[in-house]
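# Structural characterization, general
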Amino acid sequence: MGAGASLAPPSLFANAPYEGKTSERGEVLTPEEIVTSYNNFYEFGTDKGDPARYAHEMTIEPWTVEVRGKAAKTGKFALEELTKGLAEEERIYRFRCVEAWSMVVPWTGIPMARFLAQFEPEGSAKYVQFTTLHRPSEMRGQRALFSGIDWPYVEGLRLDEAYHPLTLMVTGVYGKPLPNQNGAPLRLMVPWKYGFKSVKSIVKITFTERQPRNTWNILAPQEYGFYANVNPEVDHPRWSQATERRLPSTLFNPNRIPTLPFNGYGEEVAGLYAGMDLRRNY
Ligand SMILES: Nc1nc2c(c(=O)[nH]1)N[C@H]1C(S)=C(S)[C@@H](COP(=O)(O)O)O[C@H]1N2
Ligand SMILES: [Mo]
């Protein structure tokens, strides 16, 4: 299969049950060691290694999720209450960061449609916003003087995007509970969108009538939109989005592959955007 198929030395597959597993396109999984050590989680710093180094400082037990807005069942819920009785599934997804690197990752989680349905959103709810934990005492990036980000990190989806069968509320990776650096204990995964949509360590869910703000759009609206669908034809103002570096990627073997519209999930999701100008709604 693809150029990346033989690049991961077998020795990197410490997690034996996953050795030789592939995506539905036959792509080799990105080794667990890379998935859990090459991260973006600015609450712990901006270097790729900072989250793995510092995210253990975050307490994830107990974990409470507050639900607000246009839904019948709002309030504060213990995480266990929200996941109880909802079956988890494993999904091997391509994961494409707006910075033009990508991975193939086995996530475990609850289909978002089922997770959100328990709150009985009202007909007037058109969007859903997700908010990350704000706890500077445990998140050193939130204590940084020049982070630029107005914490907490927020993201949002149109409700029909959230209810799409590919959208997952992730609780684990590589068959284990999520490590803190990957957004424990609860994070979003929307495989046809750039990685920044997949907000980590969620403590609040708000059903809204109007399009909610999202952190990277607030920070640089010319560069990052609300939709953020993977699109090789719409370049980032500072770099091309036509290709991506599939990790593991090195100087001598960059493993650069073409980027696919909707990250390869177009057949499933293009219909969500029928009639929309995706150059304007980037
Ligand atoms: N709260 C929060 N969520 C976040 C981020 C962040 O900095 N803070 N980074 C985003 C970006 S840019 C990416 S690419 C992914 C990275 O997820 P991973 O580290 O599990 O690969 O998380 C996203 N979710
Ligand atoms: Mo990203």
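Residues numbered from 1 in each chain as written. Chains lettered and ligands numbered in written order. Predicted model: local features only at pLDDT ≥ 70, side-chain atom pairs only at ≥ 80, totals over all residues. Heavy atoms only, no water.

## Overview of the pattern of salt bridges
Counted by the stated rule, this structure contains 20 salt bridges. As a salt-bridge pair, E24 and R94 come within 3.6 Å of each other at their nearest N and O atoms. Here R94 lies in strand β3 (residues 89-96) and E24 lies in the segment before α1 (32-35), a separation of 70 residues in the sequence. The exposure class assigned to E24 is exposed, which follows from its relative accessible area of 57%. With a relative accessible area of 2%, R94 lands in the buried category. The residue E27 makes a salt bridge to R246 at a minimum N-O spacing of 3.1 Å. Of this pair, E27 sits in the segment before α1 while R246 sits in strand β11 (residues 243-246), and the two are 219 residues apart along the sequence. Both residues of the pair, E27 and R246, belong to the buried class. (Salt bridge = Lys/Arg side-chain N within 4 Å of Asp/Glu carboxyl O. Helix = DSSP H or I, 4+ residues; strand = E, 2+ residues; numbered from the N terminus. Buried < 20%, exposed > 50% of the residue type's maximum accessible area, 1.4 Å probe, protein only.)

## Quick notes on the site of ligand 1
Around ligand 1, the structure places 17 residues, and the nearest of them are N39, Y42, E43, T132 and K200. Within the contact set of ligand 1, a nitrogen atom lies 2.9 Å away from a side-chain nitrogen or oxygen of T132. For ligand 1, a nitrogen atom lies 3.0 Å from a polar atom in the backbone of S198. When ligand 1 sits alone it has 530 Å² of accessible area, and the protein chains cover 98% of it. Residue composition of the shell around ligand 1, grouped by class: eight nonpolar, six polar and three charged. (Near = heavy atom within 4 Å. Polar contact = N/O pair within 3.5 Å; in protein donor to acceptor, adjacent residues only side chain to side chain. Areas by Shrake-Rupley, 256 points an atom, 1.4 Å probe, with all protein chains shown as cover. Nonpolar A, V, L, I, M, F, W, Y, C, P; charged D, E, K, R; others polar.)

## As for the environment of A242
Within the fold, A242 resides in the loop between α7 (215-219) and β11. On the basis of relative accessible area, A242 is assigned to the partly exposed category, the value being 33%. C-alpha separation for the pair A242 and A100, spaced 142 residues apart in sequence, amounts to 8.7 Å.

## Focus: the pairing of strand β7 (residues 168-173)
Counting buried residues along β7, six of its six residues qualify, which places the element largely inside the surrounding structure. Of the strand pairs in this sheet, strand β4 (residues 101-111) and β7 are connected by five bridges, and their pairing is antiparallel. Each bridged residue has a counterpart across the sheet, and for W107 the counterpart in β7 is V173. Bridge analysis of β7 against strand β9 (residues 187-189) gives three bridges, and the strand direction is antiparallel. Bridge assignment links V170 to a residue of β9, and that residue is R187. Following β7, the chain reverses through two residues before pairing antiparallel with strand β8 (residues 176-177); Y174 in that reversal takes a positive phi of roughly 50°. (Pairing = 2+ DSSP bridges.)

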